[in-house]
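Analysis of the macromolecular model
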Amino acid sequence: GLDELITKRHSLAMYLWKNLMKDKDFIVLNKVDINSVAFFYTGGKDRAAEEVNRINKAIHAGLIEEGKYHLHQFSIPDSGLFEKGSLVYPLRFMCGNPNVTTRDVDDMIKYVRTLGKKIEKTK
């Protein structure tokens, strides 16, 4: 059963990765090895690191507060996407729940986008 679980986790991560890669509102940071997808919501706009961080930290806080979806957040030095060397705070999907489906992933993307658009309008 472990092989099936790992394969499903990888498939869901690849599903998310493929969808985010073709979506102008998101920037994906990594290739999927097992089950991790790190990404930023940018709303399809060129933004400074500070603004990307503000939006993505607020998205993360909103997710945690509501509890419907869970994405991790961590800091890494920017490789040059926004401001080389500055700390950036991407969101990270790591599916460990065997009940998660592609529909859940689609709904999560929509929800993150909805939060992002709402946060973009606030300063």
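Structure: see above.
These remarks concern the structure in this document. (Residues numbered from 1 in each chain as written. Predicted model: local features only at pLDDT ≥ 70, side-chain atom pairs only at ≥ 80, totals over all residues. Heavy atoms only, no water.)

Looking at the pairing of strand S2 (residues 36-41)
Burial of S2 is extensive: 6 of the 6 residues sit out of reach of the surface. On S2, burial covers both faces: Ser36, Ala38 and Phe40 on one face and Val37, Phe39 and Tyr41 on the other are all buried. As paired strands, strand S1 (residues 26-28) and S2 are joined by 3 bridges and run antiparallel to one another. Residue pairing for S2: Ile27 is matched across the bridge by Phe40. Across 4 bridges, S2 lies against strand S6 (residues 91-94) in antiparallel orientation. Each bridged residue has a counterpart across the sheet, and for Ser36 the counterpart in S6 is Met94. (Buried < 20%, exposed > 50% of the residue type's maximum accessible area, 1.4 Å probe, protein only. Helix = DSSP H or I, 4+ residues; strand = E, 2+ residues; numbered from the N terminus. Pairing = 2+ DSSP bridges.)

Points about the side chain of Asp25
Tracing the backbone shows Asp25 in the loop between helix H1 (2-21) and S1. Overall, the relative accessible area of 4% leaves Asp25 in the buried class. Among the polar contacts listed, one links the side chain of Asp25 to the side chain of Lys24, at a separation of 3.4 Å. Excluding anything up to four places from it in sequence, Asp25 contacts Phe40, Tyr41, Thr42, Gly43, Gly44, Arg113 and Lys117. (Polar contact = N/O pair within 3.5 Å; in protein donor to acceptor, adjacent residues only side chain to side chain. Contact = heavy atoms within 4.5 Å.)

Things to note about the nonpolar core
Membership of the largest hydrophobic core comes to 26 residues, with the highest contact counts inside it found for Leu16, Val37, Phe39, Ile59, Phe93 and Val112. Secondary-structure elements contributing two or more residues to this core are H1, S1, S2, helix H2 (49-66), S6 and helix H3 (102-120). Residue contributions to this core peak at 7 residues, all from H3. Apart from the residues lying within four places of it in its own chain, the contact partners of Phe93 are Leu12, Ala13, Leu16, Asn35, Ser36, Val37, Phe39, Leu71, Val105 and Met108. The next biggest cluster of nonpolar side chains, apart from the first, holds 5 residues, and it includes Phe40, Ala49, Phe82 and Val88. (Core = buried A, V, L, I, M, F, W, Y, C linked by side-chain atoms within 4.5 Å.)

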